[in-house]
Amino acid sequence: MIDSHCHLADEVFETTLDEVIARARRAGVDGALCMLDATNPDEASRSVRVAALWPAVRFAVGVHPHQAGVFSDRLDDVEAHVRAAVSARPGTCAIGEIGLDYHYDYAPRDVQREVFRRQIQVASELGHPIVIHTREADDDTFAMLGDVGAPAVPGVFHCFTGDAATAQRAVDLGFHVSFSGIVSFRTAEAIREAAAAVPQDRLLVETDSPYLAPVPYRGKLNEPAWVVRVAEVVAEVRGQSLVEVQAQTTATFDALFRPGRTS
Ligand code: NI
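Since the structure is predicted, the reported quantities are computational estimates derived from the model, not experimental observations. (Residues numbered from 1 in each chain as written. Predicted model: local features only at pLDDT ≥ 70, side-chain atom pairs only at ≥ 80, totals over all residues. Heavy atoms only, no water.)

Student: Teacher, can you tell me more about the coordination of the nickel ion here?
Tutor: Geometry reference: four tetrahedral donors at a metal, ideal angle 109.5 degrees. Six octahedral donors, ideal angles 90 or 180 degrees. Every protein donor of the nickel ion is accounted for by His5 (NE2), His7 (NE2), Glu97 (OE) and Asp208 (OD), and the metal-donor separations fall at 2.2 to 2.3 Å. Bound by four donor atoms, the nickel ion shows angles of 86 to 175° at the metal and therefore irregular coordination geometry. Within one chain, the residues serving as donors to the nickel ion are arranged as H-x1-H-x89-E-x110-D. One end of the pair, His7, is in the loop between β1 (2-6) and α1 (17-26); the other, Glu97, is in strand β4 (residues 92-101), with 90 residues separating them in the sequence. For the pair His7 and Glu97, one class covers both residues: buried. (Donors = N, O, S within 2.8 Å, 3.2 Å for Na, K, Ca; no water. Tetrahedral: all angles 85-135°; square planar, octahedral: opposite > 155°, others 65-115°. Helix = DSSP H or I, 4+ residues; strand = E, 2+ residues; numbered from the N terminus. Buried < 20%, exposed > 50% of the residue type's maximum accessible area, 1.4 Å probe, protein only.)

This is the structure:
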């Protein structure tokens, strides 16, 4: 199966990367989509080792909404910056994670929206799907995706934390929905209802590691091996077997994030 969203090039994995990847493989995880922040050259350097140790990994490159403020005074540079970061990383098959975060508001909201809009444009030009991060910004996110004519740009709402109605809104716009370990948290009943309702050809699972370890590993450093635990919870709420969910989410991942799509 596939971990559709992780941060394996994060510095916290630097000394343990080979063990983390070995544990993922032993758990039956045969691929992952690794996020790279386009404003972080150190992460780009570490991605070389990720690709060498795990050739099946694919990459997504983008300016996270937390970093959008970097471009406050030079918004016209966003497209060229992202295109260059994509070209520099072989195996890139998506633009992400990109979007809006009105919870932390690390960058002004108008800047976040403009950086998001420009990256959707780049994705459209390159023929890449997008990996969407949205937090407390659903209405603006949906408005912007609709504005650019979705589903012309396919993609996924990563680490989905909304309810079934919001998931349906994403599906209606042509998007996929990916569930993380949050789906296993005791208080996440509404998210489990969403996971039960998403059509199987739009469903993905992820760890978002090193963050958000699922139950019973909460508080530990999360890693791709534990996407199996996420899939177990999703299978349970959908009334399916683990094997079915693993096979379906792998097929869905391969259809959305095609490695052959080039920049
Ligand atoms: Ni992430």
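Picking up where we left off.
Student: Honestly, unusual backbone geometry in this entry has me stumped. Any pointers?
Tutor: A negative phi angle is the norm for most residues apart from glycine, just as the trans form is the norm for most peptide bonds. Note that the residue after Gly96, namely Glu97, is joined by a cis bond; omega there is -5°. Pro210 follows Ser209 through a cis peptide bond whose omega is 15°. Among the structural elements, Pro210 can be located in the loop between β8 (203-205) and α8 (227-238). One non-glycine residue, Glu136, lies in the positive phi region at around 55°.

Student: Before we go on, may I ask you to explain the nonpolar core in this structure?
Tutor: Nonpolar side chains tend to gather and get buried jointly when the protein is soluble and globular. Counting 73 residues, the largest nonpolar core has Leu8, Ile130, Leu145, Phe179 and Val234 as the members making the most contacts within it. When neighbours within four sequence positions are excluded, Ile130 is seen to be in contact with Ile95, Ile98, Ile120, Ala123, Leu145, Val153, Pro154, Gly155, Val156 and Phe175. Formed by 12 residues, the second largest nonpolar core is a distinct cluster that contains Ala60, Phe253, Leu256 and Phe257. (Core = buried A, V, L, I, M, F, W, Y, C linked by side-chain atoms within 4.5 Å. Contact = heavy atoms within 4.5 Å.)

Student: Hey, could you run me through the packing of aromatic side chains in this one?
Tutor: Aromatic ring pairs are described here by two measures, namely the spacing of the ring centres and the angle between the planes. Overall, the coordinates contain six aromatic pairs when judged by the stated rule. Between the aromatic rings of Phe253 and Phe257, the centroid separation amounts to 5.0 Å while the plane-to-plane angle is 45°, which identifies the pairing as tilted. For the pair shown, Phe253 and Phe257 are each scored as buried. Three or more aromatic residues joined by ring pairs make a cluster, and in this case those are Phe142, Phe157 and Phe175. Across from the ring centre of Tyr102, 4.2 Å away, lies the NZ or CZ of Arg109, which sits over that ring. Against the face of Phe185 rests Arg218, its NZ or CZ located 3.5 Å from the ring centre. (Phe/Tyr/Trp six-rings, centres within 6.5 Å; stacked < 30°, edge-to-face > 60°. Lys NZ or Arg CZ within 6 Å of the ring centre and 35° of its normal.)

Student: Would you take a moment to explain the packing of α8 against helix α9 (residues 242-256) for this structure?
Tutor: Between two packed helices, both the angle of their axes relative to each other and the distance between the axes serve to describe the pair. Interaxial distance between α8 and α9 falls to 9 Å at its minimum, and their mutual angle equals 110°. Relative to α9, the element α8 is oriented roughly perpendicular. Handedness of the crossing formed by α8 with α9: right-handed. Here Val228, Ala231, Glu232, Val234 and Ala235 of α8 come into contact with α9, specifically with Leu242, Val245 and Gln246. A per-class count over the contact of α8 with α9 returns six nonpolar, one polar and one charged. (Axes fitted to C-alpha atoms, helices over the stretch in contact; angles between N-to-C directions. Parallel < 35°, antiparallel > 145°, perpendicular 65-115°, else oblique. Left-handed = near helix turned anticlockwise from the far one by under 90°. Nonpolar A, V, L, I, M, F, W, Y, C, P; charged D, E, K, R; others polar.)

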